[in-house]
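Letter by letter, the chains look like this.
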Amino acid sequence: QVQLVESGGGLVQAGGSLRLSCVASGRNISTYTTAWFRQAPGKERVFVGGIMWSGGSTYTASSVKGRSTISRDNAKNTVYLQMNSLKPEDTAVYYCAARDYGTRWYLNENAYAYWGQGTQVTVSS
């Protein structure tokens with residue numbers, strides 16, 4: 001099993017940037033397909049982007065495409081979500097999730113067995 005801990009959230013003005021971190025313990029994070037989800041108040045949790053366990057290819061949702069980058073540092077067992085040009089609509093709790101290996105992109109939260117506790121991102125206008 002793996003334990004995931006997110007950090008890096010906070011309050012930022014529109015147009016600003018944040019880098020969220022997801023530190024894994026218990027197993028090498030490169031053996032998981034790891035994803036970021038977010039949940040705004042009163043809304044469902046939605047896929048933001050992910051990084052494949054093999055090869056490290058990434059995928060980001062259209063809502064953040066061009067503004068966000070996902071990366072992984074295997075030495076630190078950490079996955080990052082760099083978000084730029086933040087908008088008030090990016091305000092949400094951001095979650096890191098992982099599933100064993102994987103052969104495609106999984107956009108549904110039910111595909112992920114492991115979750116962090118979430119980190120709040122608030123973007124002021």
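Residues numbered from 1 in each chain as written. Predicted model: local features only at pLDDT ≥ 70, side-chain atom pairs only at ≥ 80, totals over all residues. Heavy atoms only, no water.

Draft legend 1. The overall build of the chain, seen in detail. Helix and strand content of the chain: zero helices and eleven strands. Its C-alpha atoms give the chain a radius of gyration of 13 Å, near enough to 14 Å, the size a compact globule of 125 residues would have. With the C-alpha coordinates aligned to their principal axes, the bounding extent of the chain is approximately 40 × 25 × 25 Å. Taking all 125 residues of the chain together, 46% fall into the buried category. Averaging the locations of the 12 positively and 7 negatively charged side chains of the chain gives two centres separated by 5 Å. (Helix = DSSP H or I, 4+ residues; strand = E, 2+ residues; numbered from the N terminus. Rg over C-alpha atoms; globule rule 2.2 N^0.38 Å. Buried < 20%, exposed > 50% of the residue type's maximum accessible area, 1.4 Å probe, protein only. Lys, Arg positive; Asp, Glu negative; His and termini not counted. Charge placed at Lys NZ, Arg CZ, Asp CG, Glu CD.)

Draft legend 2. Examining the environment of Met52 more closely. Its location among the elements puts Met52 in the loop between β5 (45-51) and β6 (58-60). The sequence separation of Met52 and Ala111 amounts to 59 residues, and the corresponding C-alpha distance is 14 Å. Sequence-distant contacts of Met52, that is, excluding residues within four places in its chain, are made with Tyr32, Thr33, Ser57, Arg72, Gly102, Thr103, Arg104 and Trp105. (Contact = heavy atoms within 4.5 Å.)

Draft legend 3. Region of interest: the environment of Leu4. Structurally, Leu4 can be placed in strand β1 (residues 3-7). By relative accessible area, which is 6% here, Leu4 ends up buried. Separated by 51 residues in the primary sequence, Leu4 and Gly55 place their C-alpha atoms 21 Å from one another. Residue contacts for Leu4: discarding those within four places in its chain leaves Cys22, Val23, Ala24, Cys96, Ala97, Ala98, Tyr114, Trp115, Gly116 and Gln117.

Draft legend 4. Quick peek at the sheet that holds strand β7 (residues 68-73). An order of β1-β3-β8-β7 is seen for the four strands of this open sheet, with the pairing classed as antiparallel. Of all strands in the sheet, those bounded by a partner on one side alone are β1 and β7. In this sheet, adjacent strand axes meet at a mean angle of 15° when their direction is disregarded. Pairing of β1 with strand β3 (residues 18-25), which is carried by five bridges, proceeds in the antiparallel orientation. Opposite Val5, over in β3, you have Val23 as the bridge partner. (Pairing = 2+ DSSP bridges. Axes fitted to C-alpha atoms, helices over the stretch in contact; angles between N-to-C directions.)

Draft legend 5. Region of interest: the packing of aromatic side chains. Under the criterion given, the structure shown has nine aromatic pairs. Ring geometry for Trp53 and Tyr101: centres 4.7 Å apart, planes at 80°, overall edge-to-face. Of this pair, Trp53 sits in the loop between β5 and β6 while Tyr101 is found in the loop between β9 (92-100) and β10 (114-115), placing the two residues 48 residues apart along the sequence. The interplanar angle of 25° and the centroid separation of 5.7 Å between the aromatic rings of Tyr59 and Trp105 together place this pair among those described as stacked. Residue Tyr59 is located in strand β6, and its partner Trp105 is located in the loop between β9 and β10; the two are separated by 46 residues in the primary sequence. (Phe/Tyr/Trp six-rings, centres within 6.5 Å; stacked < 30°, edge-to-face > 60°.)

Draft legend 6. Looking closely at the pattern of salt bridges. With the rule as written, the count across this model stands at four salt bridges. In this structure, the salt-bridge partner of Asp100 is Arg27, at a minimum N-O distance of 2.9 Å. Note that Asp100 is positioned in strand β9 and Arg27 in the loop between β3 and β4 (32-39), a separation of 73 residues in sequence. Its relative accessible area of 31% is what places Asp100 among the partly exposed residues. (Salt bridge = Lys/Arg side-chain N within 4 Å of Asp/Glu carboxyl O.)

Draft legend 7. Just the state of the cysteines, in detail. By the definition in use, this model includes one disulfide. Covalently, Cys22 is tied to Cys96 through a disulfide, its sulfur atoms 2.0 Å apart. Measuring handedness by torsion sign, the sulfur bridge of Cys22 and Cys96 sits at about -75° and is left-handed. In this pair, Cys22 is assigned in strand β3 and Cys96 in strand β9, connecting sequence segments 74 residues apart. Considered together, Cys22 and Cys96 belong to a single accessibility category, that of buried residues. (Disulfide = S-S within 2.5 Å.)

Just distances and angles here, no functional claims.
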